[in-house]
Amino acid sequence: MNKKYEPIHFFLRWCKKCGICIAFCPKHVLERRPDGYPYAARPDDCILCGLCDIHCPDYAITVAKKDEFREKKIVKEEDHEKAQPDTPAGQ
Amino acid sequence: MIRTSEAIYKYLRPDKKYPHVWCPGCGIGIVTGALVRAIERTGLTKDEIALVSGIGCSGRISTYLDFNTLHTTHGRALAFATGLKLAKPSLTVIVVMGDGDATAIGGNHLIHSCRRNINITSLIINNNIYGMTGGQYSPTTPMNHIASTAQYGSIEKTFDICKIVEACGASFVARGTAYHAKMLDALIERAINKKGFSVVEALSQCPTQYGRRNKLGGPVEMLQWYKDNAIPYPAFKKLSPDEIGEKFPIGVMTDLDEPDYLERYNRIIKEAGSEGQ
Ligand SMILES: Cc1ncc(C[n+]2csc(CCOP(=O)(O)OP(=O)(O)O)c2C)c(N)n1
Ligand code: SF4
Ligand code: SF4
Ligand code: SF4
Ligand SMILES: [Mg+2]
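Notes on the structure in this doc start here. For clarity, every value in this text was computed on a predicted model and none was experimentally measured.

## Quick word on the overall build of chain B
Within chain B, the secondary structure is distributed over 13 helices and eight strands. Its C-alpha atoms give chain B a radius of gyration of 19 Å, within 12% of the compact-globule value 19 Å for 277 residues. Projected onto its principal axes, the C-alpha coordinates of chain B cover approximately 70 × 45 × 35 Å. Per-residue burial over chain B gives 53% buried out of 277 residues. Sequence separation of 24 or more characterises 67% of the internal contacts of chain B that already satisfy a separation of 6 or more. For chain B, the computed accessible surface area is about 12,300 Å², with 55% contributed by carbon and sulfur atoms.

## Concerning helix α6 (residues 107–116) of chain B
Residues and elements named next belong to chain B. Buried residues of α6: G107, L110, S113 and C114, and no others. Projected down its long axis, α6 shows its buried positions confined to an angular sector of 130 degrees, all on one face. Away from its buried face, by an angle of more than 90 degrees, α6 presents the exposed residues N108 and R115. Looking at the buried residues of α6, the elements they touch are α4 (77–87), α5 (99–105), β4 (121–126) and α7 (161–168).

## Observations regarding the sheet that holds strand β2 (residues 68–71) of chain B
Residues and elements named next belong to chain B. Pairing is mixed across the open sheet formed by eight strands, whose spatial order is β2-β1-β3-β4-β6-β5-β8-β7. The strands lining the two open edges of the sheet, one partner per strand, are β2 and β7 (230–232). Each strand axis lies, on average, 20 degrees off the axis of its neighbour in the sheet, ignoring direction. Pairing analysis gives four bridges linking strand β1 (residues 49–53) to β2, with the strands arranged parallel. The residue of β2 that forms the bridge with S53 is H71.

## Looking at the interface of chain A and chain B
With 25 residues of chain A at the contact, the number on the chain B side is 31 residues. Viewed at the interface, chain B and chain A are joined by one salt bridge. A salt bridge links B:R3 to A:E68, with the nearest nitrogen and oxygen atoms 2.7 Å apart. At the surface where chain A touches chain B, the tally comes to 13 residue pairs in polar contact (both at pLDDT 80 or more). Counting only elements with at least two residues in the side of chain A that touches chain B, the list comes to α1 (20–24), α2 (51–55) and β4 (61–63) of chain A. For the side of chain A that touches chain B, the residue count by class is 15 nonpolar, three polar and seven charged.

## Overview of the coordination of the magnesium ion (ligand 5)
Residue and element names in this part refer to chain B. Distances from the magnesium ion (ligand 5) to its protein donors, namely D99 (OD), N127 (OD1) and I129 (O), fall within the range 2.0 to 2.1 Å. Read N to C, the donor residues that coordinate the magnesium ion (ligand 5) are spaced as D-x27-N-x1-I. The exposure classification of N127 matches that of I129, with both residues buried.

## A closer look at the side chain of B:S204
All names here are of chain B. If you trace the backbone, S204 turns up in the loop between β6 (198–203) and α9 (207–211). Overall, the relative accessible area of 1% leaves S204 in the buried class. Here the side chain of S204 touches I28 through a polar contact of 3.3 Å, landing on its backbone nitrogen. Excluding residues that lie within four positions of it along the chain, S204 makes contacts with G27, I28, V31, I125, N126, N127, A178 and Y226.

## Focus on the site of ligand 4
Surrounding ligand 4, one finds B:W22, B:C23, B:C26, B:I28, B:C57, B:N127, B:G131, B:C206, B:P207, B:T208 and B:Q209. Each residue belonging to the shell around ligand 4 can be placed in one class, and the counts come to seven nonpolar, four polar and no charged.

## Here's the deal with the packing of α6(B) against α7(B)
All names here are of chain B. One can describe the packing of α6 onto α7 by two numbers: an axis separation of 7 Å at closest approach and a directional angle of 45 degrees. By the angle between their axes, α6 is oblique relative to α7. Residues L110, I111, C114 and R115 of α6 touch α7, and the partners they reach there are I164, V165 and C168. Considering only residue class, the contact of α6 with α7 consists of six nonpolar, no polar and one charged.

Definitions and cut-offs
Within every chain, residues take consecutive numbers counted from 1 along the sequence as written. Think of it this way: whatever chain is written first is A, whatever ligand is written first is 1, and the rest follow in order. Residue-level local features of this predicted model are given only where pLDDT is at least 70; pairs of side-chain atoms are given and counted only at 80 or more, and the full residue set underlies all totals for whole chains, interfaces and linings. Think of the side-chain values as coming from all heavy atoms in the structure, minus any hydrogens and water. Going along the chain from the N terminus, every DSSP run of H or I of four or more residues is numbered as a helix, and every run of E of two or more is numbered as a strand. The globule rule used for comparison is 2.2 Å times the number of residues to the exponent 0.38, while the radius of gyration itself is calculated over C-alpha atoms. Relative accessibility thresholds used throughout: buried, under 20% of the residue-type maximum; exposed, over 50%; partly exposed, between the two (1.4 Å probe, protein chains only). For this analysis, residues touch if any pair of their heavy atoms sits within 4.5 Å. Under the convention used here, a 1.4 Å probe and the Shrake-Rupley method define accessible areas, while residue burial counts only the protein chains that appear. Comment: arc refers to directions from the helix axis out to C-beta atoms. We treat two strands as partners when DSSP finds at least two bridges between them. In this analysis, axes come from line fits to C-alpha atoms, helices being fitted only over the stretch in contact, and the angle between any two N-to-C directions falls in the range 0 to 180 degrees. The term salt bridge refers to a pairing of a side-chain nitrogen on Lys or Arg with a carboxyl oxygen on Asp or Glu at a separation within 4 Å. In protein, a polar contact means a hydrogen-donor-capable atom and an acceptor-capable atom, both N or O and within 3.5 Å, with residues adjacent in sequence counting only if both atoms are side-chain atoms; elsewhere, any N or O pair within 3.5 Å suffices. Residue polarity follows a fixed list, in which Ala, Val, Leu, Ile, Met, Phe, Trp, Tyr, Cys and Pro are nonpolar, Asp, Glu, Lys and Arg are charged, and the others, Gly among them, are polar. A donor here means any N, O or S atom no more than 2.8 Å from the metal (3.2 Å for Na, K and Ca); water is not included, so a site may seem to lack partners. The nearness test applies per residue and asks whether one of its heavy atoms lies within 4 Å of the molecule or strand. Note on angle classes: values under 35 degrees are labelled roughly parallel, values over 145 roughly antiparallel, values of 65 to 115 roughly perpendicular, and the remainder oblique.

Scope: geometric values only; no functional claims are made or implied.
Right, dumping it as structure tokens:
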């Protein structure tokens, strides 16, 4: 799968690792990376309910259909590129 | 529903520093998201809206959102907003206040805005504490709960914001929580569309100054508590006192159609104006 267009887009630069998105996902799609940031461990189980999206206090998650991301440019191309956190993994 | 990234591009001021200033897991960010989605649903343009806020963590909302904004002094947001609304009635005026802001120092402005029924929407972000200044107790800190100024637990009774504003004459009164974020969108939208004074109380977790001190867990546990204890108002009314315990009602509690302040004021302008003729 093209990882860039999973149904859940994380803008981890803004994420504060609070864990809310992981805790309330009804399908247990999300897990913590070793550095504490969330990631979609089972993206194919996502039902696009949007709970993670509206519960993220830092606007670090956008949920949409994969082709919508591509076609409607819901997340700007440069923001796909800039999504990773400033601090490298493990810090 | 507007997607989060679309809302960011449209409504967040790009020149501010991000991530925003609020602590990890703070509910204010969630409530701000609901406010933006509600505004999107009303179809109003950014220029038609004036967002007025007081001082506190919640008051910071007006820094980030790209409307006409007025970041006022602690407790006085409604006084500024009243002047603004009278000077330019065409503006949709939305006021964001904290629980301390709205019900302690600004309590007098709150009750009289209700009494006047001025066409303003108030969003009161109730985190049960003075967040910004270090966790002093507020009028909504539950009795016996710990605050930096109540080391043995607060000995004062707790305000029920919805009951107060209802008794004082607000046309629209509703309560939501950061957990019930989607419902909050709808409540805020209805409040904005309502003519008259409308109040939405949004319960919002403050893990840093309130949760930690009272051993309520982190943001996840605090949101879980809202999820477990919030009951839709019609069902809540049927609960017996024994069943209520820690439970509290959410949803619309008051929705009245009454003349607002400007309607009455315009009538006077007309009547007084015709007298000299
Ligand atoms: C006139 C005045 N008195 C006191 C203060 C100090 N002060 C700043 S924010 C605040 C309380 C904040 O509590 P709340 O309104 O509940 O907002 P929160 O930070 O919890 O969102 C106080 C007392 C002030 N800025 N101005
Ligand atoms: S959209 Fe719903 S199902 Fe998909 S990851 Fe988010 S919370 Fe889970
Ligand atoms: S809810 Fe948002 S800030 Fe919290 S861990 Fe998830 S992505 Fe990060
Ligand atoms: S002190 Fe509390 S209300 Fe203020 S930003 Fe931190 S968690 Fe939020
Ligand atoms: Mg407060």
